[in-house]
Amino acid sequence: MIEEAKFMQEWGSIPKGEGVISKQTHFADIQSIYERVDGLSKDKLMYTVYSTTSGSLLWGQTILEPVLVHGECNMTRGHFHQRRDLDEYYWCQKGEGLLMLMDAQGKCWCEKMKPGSLHHIHGQWAHRCINTGKEALSVIACWPADAGHDYNLTFPIRVFKENDQILLKK
Ligand SMILES: O=P(O)(O)OC[C@H]1O[C@](O)(CO)[C@@H](O)[C@@H]1O
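- The name given to the protein in an unreviewed UniProt entry is glucose-6-phosphate isomerase, with the source organism recorded as Absicoccus intestinalis.
- The UniProt entry for the protein carries the following text under Catalytic activity (unreviewed entry): "alpha-D-glucose 6-phosphate = beta-D-fructose 6-phosphate".
- Recorded in UniProt for the protein, the comment headed Pathway (unreviewed entry) runs: "Carbohydrate degradation; glycolysis; D-glyceraldehyde 3-phosphate and glycerone phosphate from D-glucose: step 2/4."

1. Thoughts on the side chain of Ser13
Thought 1: Following the sequence through the fold, Ser13 ends up in the loop between strand 1 (7-8) and strand 2 (16-17).
Thought 2: For Ser13, a relative accessible area of 18% gives the class buried.
Thought 3: Engagement of the side chain of Ser13 in a polar contact is seen with the side chain of Lys16, the distance being 3.3 Å.
Thought 4: Aside from chain neighbours lying at most four places away, what touches Ser13 is Gln61 and Gln93.

Conventions and cut-offs
- Residues numbered from 1 in each chain as written.
- Predicted model: local features only at pLDDT ≥ 70, side-chain atom pairs only at ≥ 80, totals over all residues.
- Heavy atoms only, no water.
- UniProt positions renumbered as here; feature names shortened; annotations may be inferred.
- Helix = DSSP H or I, 4+ residues; strand = E, 2+ residues; numbered from the N terminus.
- Buried < 20%, exposed > 50% of the residue type's maximum accessible area, 1.4 Å probe, protein only.
- Polar contact = N/O pair within 3.5 Å; in protein donor to acceptor, adjacent residues only side chain to side chain.
- Contact = heavy atoms within 4.5 Å.

Structure, rendered in C-alpha cells:
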C-alpha cells in the first residue's frame, strides 16, 4: 500500500498537515531579554513558531522577523533542554543569522546561519536564534519531544547591527 505523506514541508514554505500548530511571540512577550525596552510597539510580531509532534519527535519552524530593538537584533528567548542528554538539529531555510550557543560553564559562541546551513546542538548547550539579516530568518528544527525547555539562563553576549556591521557586545 502506498500512502500520501502526512505532512508537507515545501521548499521556502511552512509545515502543513494535521496537528501543525503555530505560536506567535510579540515584543510585549519578549521585551525583558533586550537591553532597551522602549521605542518598539508592544504588539510588534517578533517570531512565529510552527510545530508538530509525531511519536517521540518534534518538528518545528521558527520565523524571526527582521527587527532591530535600538540596534539589537531580533532573537528567540533561548533555552537549555530540561533533558540535557537530548540533542537537536537546526537547519536554516532562509535568511541569515547567528545560532548562539552556551555550554554549562557559560562559554558562549555563535555559528553563522545561512540558507542550507545545518547545526547540531548538543544536549548540554543552550541555544538561541538571532536574525542579523534584512529579511525573515527561517530555521527548521528537529528534536525529541520530551527534551523540554529550561529558560533559567542569561546569555553573556548581545548582538547588534550598526551601519550593516554585526557587533557582539558582552
Ligand atoms: O522557545 P524559544 O527559546 O523562544 O525558541 C524558539 C523555538 O525553538 C524551538 O525550541 C526549537 O528549538 C521551538 O520549540 C521554540 O519555540
